[in-house]
2 protein chains.
Amino acid sequence: MILSEARQRFISIVGQESYYDSKADLLAYSYDATPGFQALPDAVLAPSCTEDVKKVVEVCSSYNIPIVPRGSGTNLCAGTCPTQGGIVLLFHKMNKILEIDEDNLTATVQPGVITLNFITEVEKKGLFYPPDPSSMKISTLGGNISENSGGLRGLKYGVTRDYVLGLEVVLANGDIIKTGGKLAKDVAGYDLTRLFVGSEGTLGIVTEATLKLIPKPQSKKTALALYNDLESAARSVSSIIAHKIIPTTLEFLDQPTLQVVEDFAHIGLPTNVEAVLLIEQDGPLHTVEKEMDSIASLCQAHGAISVDVASSEEHAEALRTARRSALSALARLKPTTILEDATVPRSQVAKMVLSIKEIAQKYNLTICTFGHAGDGNLHPTCLTDVRNKEEMYRVEQAFEDIFARALELGGTITGEHGVGEMKAPYLEWKLGEEGIKAMQNLKKSFDPQNILNPGKLFAKDTKKRVVISS
Amino acid sequence: MILSEARQRFISIVGQESYYDSKADLLAYSYDATPGFQALPDAVLAPSCTEDVKKVVEVCSSYNIPIVPRGSGTNLCAGTCPTQGGIVLLFHKMNKILEIDEDNLTATVQPGVITLNFITEVEKKGLFYPPDPSSMKISTLGGNISENSGGLRGLKYGVTRDYVLGLEVVLANGDIIKTGGKLAKDVAGYDLTRLFVGSEGTLGIVTEATLKLIPKPQSKKTALALYNDLESAARSVSSIIAHKIIPTTLEFLDQPTLQVVEDFAHIGLPTNVEAVLLIEQDGPLHTVEKEMDSIASLCQAHGAISVDVASSEEHAEALRTARRSALSALARLKPTTILEDATVPRSQVAKMVLSIKEIAQKYNLTICTFGHAGDGNLHPTCLTDVRNKEEMYRVEQAFEDIFARALELGGTITGEHGVGEMKAPYLEWKLGEEGIKAMQNLKKSFDPQNILNPGKLFAKDTKKRVVISS
């Protein structure tokens, strides 16, 4: 509940036209892309500048009102669901690319810029911004920064964190700070820049970012390798890396995912194989051609039925789009799609995929698996129905088994989707009690009132860790 | 002063042979590579495992004893000078490379491993660990992590932070936490891994690290470009980058530095030119050759008198060694060598070098400048004598002017050397009062007793900011 006094102050800051609290508006921002989480905010605000964000935060601090910063709400961890009410902060009015600096290979942006628009603008200048989350058509750079988004090019180029050089952040007390800059090297104090990246809006509100760009690779090749068994696909991944080749992309899709994607996209994907690897390499043409030849030989040597290099950029784009549309395609089949994000060291991908299969059988569930094989970042995806309480119970059990197994294999509970509210009960499995305590103290030092996205990352109750026989 | 009770407990943990408190021992650890800072610790301990570090920290916590973790003490910010007494913690007994994992391209190491030894071992397996601080022959990986060390290959490959995937850390309360892992992607909670990197031992004590490796580049070429003026050298740097070429190394040396290095190393460096660029590119042979040709043309187009590509690996190594020995060479000339670390956006290098020259003239000082031109990371180096109080006052004034100018140009007070005790009075210039406050709160959340390397990063008094006419 927002007192009318606070409401008046909000309106005087952002203007009547940027303050929403009708039932319909509140409903629209009561959920994000995460199934099973919904809660009404008390109001929705769209500030148009950093100074307004600062003033809004000051009002929230005075009245103890929770603040949920939100990009396009494409996150899959309930990171932007306002589960404790308060205000949702939108950034569509702060959506300018302020500068693309070709001398320093940097860009300065507001948080509301759509990721793909940014990538397109940057590429027009022959430059490259690698982080490419599957949601990039609608996700915002601010959201990507808050979640430290990954993507298909992570294997070679890293994740969002690796491209953030500096930030402007509004802290919980209304202070505006600037971290980093257009600098390749900067060790003046603690690395707050990377601390804010991936902090899910719980430590501060990002109002501007300086991003690192690199030269656009001169050429790119895309190939599809088909397999009759998972192990061969996994062995191919290991052998490519062992041969000192780091492809841009090494994506894995299992048979059920292939089937669904082909039914959805009709691009002629084979559906009668157990697994495919989508492989991309970029760089100077001569090197790319040589490496793609080696990759094809290695895949064949490790049991690929066939390896086809895309004959045209259109064909390559179709393959990439197929992979990117995996979630949308899967989502058509059942009322509820739960996309998970268990991640293991690259060498453990085969074991993890096999375990997921066994766990799906154990709980009698449909789990399709696809993901970034080169990163060890897998997306086991359960097709289900939230209204079926009994099945949902099994789904939860299955995912607990999956997280436990990932950790056993030296992995983590989330590679790129974040913790949010959804995975908070499992965070202690990864970090231990001591790690959680350290992070809670850190959170308190930035936000003693707990008004910045409260309820995220830290759960009231930690789940009991499942013991899996290995 | 350490109470005999605490002394007994320390000895019972690390053993008599790893506890040093003779005058000679204390004197040996009373300073690091930073001129003008010296203070005796109360004792020096060399623990042999994480569990011992934990126990030592617990004793320190009970008796409020400051802890200064120290690698080889090569830092240039007085980061390991025990200015508040207490114990110095050494890691030469924790110096094992625990694993080089060729499947996951990671290595797991103890903090006491010497950087160059590690690089050598890794390269034997065809792998590559890029961070190469000039001190790498004696520096330790633990020290590199604490300082977020840079090096000559930073332009293309980044700094230490970019290669740390996971850490084991002993916190101020004795808790042992593990962050990250052998994972390309991990967003389970705040990024404590990168927060500890560069935190100069003030947030926790690193006892183990998982590092990222990459395939060793297939070939490497080295060139030297000579210039009669600084601007041409700086313009060459900009134009190489603008042509979408990112060399591994783009080092700058001015005439006074060249002279000194040649007198020291006798490798036939030209000493009658105003500036040289040492340029390296690595990668597939075909690409390297093509890019080196382009680089040579660009340098010539922007005013280089000559560009020579090293004819042999021996010659190339001599050039690299010359650059790496710049500090040692300069240090021979005068009793005191103060090496600074002002860093600016790459596009501002020419302006910064010019300003340094003007500032040296203004204060009548000898300042040689060399550094990582591609990173904008310059090392203006003042040759002086700490015993000459009057000159030292001018040195301090000159460096204040240099920091202020770097900040005016969008830079920072330290690119790779750290803040330590030496630059603490200037940190607020970069971060503002609000930024310092946020970092102090963060420090308090990790170390409420202020026993971890106290006095570093945060100064009692901030220097008044000089105003420079631009």
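Under an unreviewed UniProt entry, the name given to chain A is Glycolate oxidase subunit GlcD, and the organism recorded is Priestia filamentosa. Word for word, the UniProt comment on chain A under Sequence similarities (unreviewed entry) is "Belongs to the FAD-binding oxidoreductase/transferase type 4 family." Within the UniProt record for chain A, the comment given under Cofactor (unreviewed entry) is "FAD".

A separate point is the domain arrangement of chain A. Residue and element names in this part refer to chain A. With domains assigned, chain A is organised as domain 1 (4-90), domain 2 (97-215), domain 3 (219-323) and domain 4 (334-417). If you average the C-alpha positions of domain 1 and of domain 4, the two centres end up 32 Å apart. Contacts between domain 1 and domain 4 engage 4 residues on the former and 6 residues on the latter. Each partner contributes to the roughly 350 Å² buried at the junction of domain 1 and domain 4, and carbon and sulfur atoms together form 74% of this total. Its largest share of buried area at the contact with domain 4, domain 1 owes to P35, L76 and C77, together 91% of the area lost on that side.

As a further point, take the packing of aromatic side chains. The relative placement of two aromatic rings is captured by the distance of their centres and the angle of their planes. All names here are of chain A. Counting across every chain of the model gives 18 aromatic pairs over all chains. Measuring from centroid to centroid gives 6.2 Å for F10 and Y19, while their planes differ by 25°, and the two rings are stacked. Ring geometry for Y129 and Y163: centres 6.1 Å apart, planes at 75°, overall edge-to-face. Of the two residues, Y129 sits in the loop between β7 (127-128) and α5 (141-147) while Y163 sits in the loop between α6 (154-157) and β8 (164-170), which places them 34 residues apart along the sequence. Of the two residues examined, Y129 and Y163, each falls in the buried class. Here the aromatic residues F399, F403, Y426 and W429 are joined through ring pairs into a cluster of three or more.

This part covers the sheet that holds strand β18 (residues 377-384) of chain A. Residues and elements named next belong to chain A. Strand order in the open sheet formed by 7 strands is β15-β12-β14-β13-β17-β18-β16, with antiparallel pairing between adjacent strands. With one partner strand each, in any of the chains shown, β15 (304-309) and β16 (336-339) form the two edges of the open sheet. Direction aside, neighbouring strands of the sheet carry axes that sit 15° apart on average. Pairing analysis gives 4 bridges linking β16 to β18, with the strands arranged antiparallel. Along β18, the bridge assignment pairs T336 with T384. Packed onto the sheet, helix α8 (residues 230-242) meets β12 (219-227), β13 (249-254) and β14 (275-283) and runs at close to 20° relative to β14. Against the sheet, helix α11 (residues 313-324) contacts β12, β13, β14, β17 (367-372) and β18, and its axis sits at roughly 60° relative to β12.

With 13 residues, α8 of chain A extends 18 Å between its outermost C-alpha atoms, agreeing within 8% with the 18 Å of an ideal straight helix rising 1.5 Å per residue. Summarising the contacts, the buried residues of α8 of chain A are in contact with α6, β12, β13, β14, α10 (285-301) and α13 (349-362) of chain A.

What follows is about the environment of A459 of chain A. With respect to the helices and strands, A459 of chain A occurs in the segment after α15 (427-446). Every residue in contact with A459 of chain A, bar those within four places of it in the chain, is listed here: A424 and P425 of chain A.

On to the sheet that holds strand β9 (residues 176-180) of chain B, then. All names here are of chain B. What the 5 strands build is an open sheet, ordered β5-β6-β10-β8-β9; its pairing is antiparallel. Lying at the two open borders of the sheet, with one neighbouring strand each, are β5 (97-101) and β9. When strand polarity is set aside, the average angle formed by the axes of neighbouring strands in this sheet is 10°. Pairing of strand β8 (residues 164-170) with β9 involves 5 bridges; the strand directions are antiparallel. Along β9, the bridge assignment pairs E168 with K178. Lying on the sheet, helix α4 (residues 115-124) is in contact with β5, β6 (106-109) and β10 (205-212); it crosses β5 at an angle near 30°.

Now for the interface of chain A and chain B. The interface of chain A with chain B comprises 77 residues on the first partner and 76 residues on the second. For the chain A and chain B pair, buried surface summed over both sides reaches about 6,200 Å², with 60% attributable to carbon and sulfur atoms. On the chain A side of the interface with chain B, the three residues burying the most area are K185, V187 and Y190 of chain A, jointly 16% of the side's total. A salt bridge links K430 of chain A to D186 of chain B, with the nearest nitrogen and oxygen atoms 3.8 Å apart.

Side chains that differ in sign of charge can pair as their charged atoms come close. Inspection of the entire model under this criterion finds 56 salt bridges over all chains. Residue D385 of chain A is joined to R387 of chain A by a salt bridge in which the shortest nitrogen-to-oxygen separation is 3.0 Å. One salt bridge connects E313 of chain B with R320 of chain B, and the closest N-O pair in it is separated by 2.5 Å. When its relative accessible area of 42% is taken as the criterion, E313 of chain B is described as partly exposed. On the basis of relative accessibility, which here comes to 5%, the residue R320 of chain B falls in the buried class.

Here the focus is the nonpolar core. Counting 195 residues, the largest nonpolar core has F118, L277 and F446 of chain A together with F118 and F446 of chain B as the members making the most contacts within it. When residues no more than four places from it in sequence are discounted, the contact partners of F446 of chain A are L171, A172, L192, L195, F196 and L203 of chain A together with A438 and L442 of chain B.

All names here are of chain A. Here D32 is to be found in the loop between α2 (23-28) and β2 (43-45). For the buried residue D32, which engages in no salt bridge, the nearest side chain bearing the opposite charge is R70, 5.6 Å off. Here the side chain of D32 touches N75 through a polar contact of 3.2 Å, side chain to side chain. Within the structure, D32 has its side chain in polar contact with the backbone nitrogen of G79 (distance 3.4 Å). D32 has contacts with R70, G73, N75, A78, G79, T80 and C81, leaving out every residue within four places of it along the chain.

Further remarks concern the pairing of β12 of chain A. All names here are of chain A. The element β12 is extensively covered by neighbouring structure, given that 7 of its 9 residues are classed as buried. Judged from the 9 bridges that link them, β12 and β14 form a sheet pairing that is antiparallel. Across the sheet, residue A225 finds its bridge partner in β14, namely L277. By the bridge criterion, 5 bridges tie β12 to β15 in an arrangement that is antiparallel. Looking at β15, one finds that A223 is bridged to V309.

Scoring rules and cut-offs
Residues numbered from 1 in each chain as written. Chains lettered and ligands numbered in written order. Predicted model: local features only at pLDDT ≥ 70, side-chain atom pairs only at ≥ 80, totals over all residues. Heavy atoms only, no water. UniProt positions renumbered as here; feature names shortened; annotations may be inferred. Domains from an automatic or database assignment. Contact = heavy atoms within 4.5 Å. Buried area = accessible area lost by both parts, 1.4 Å probe. Phe/Tyr/Trp six-rings, centres within 6.5 Å; stacked < 30°, edge-to-face > 60°. Helix = DSSP H or I, 4+ residues; strand = E, 2+ residues; numbered from the N terminus. Buried < 20%, exposed > 50% of the residue type's maximum accessible area, 1.4 Å probe, protein only. Pairing = 2+ DSSP bridges. Axes fitted to C-alpha atoms, helices over the stretch in contact; angles between N-to-C directions. Expected span 1.5 Å × (residues − 1). Salt bridge = Lys/Arg side-chain N within 4 Å of Asp/Glu carboxyl O. Core = buried A, V, L, I, M, F, W, Y, C linked by side-chain atoms within 4.5 Å. Lys, Arg positive; Asp, Glu negative; His and termini not counted. Polar contact = N/O pair within 3.5 Å; in protein donor to acceptor, adjacent residues only side chain to side chain.

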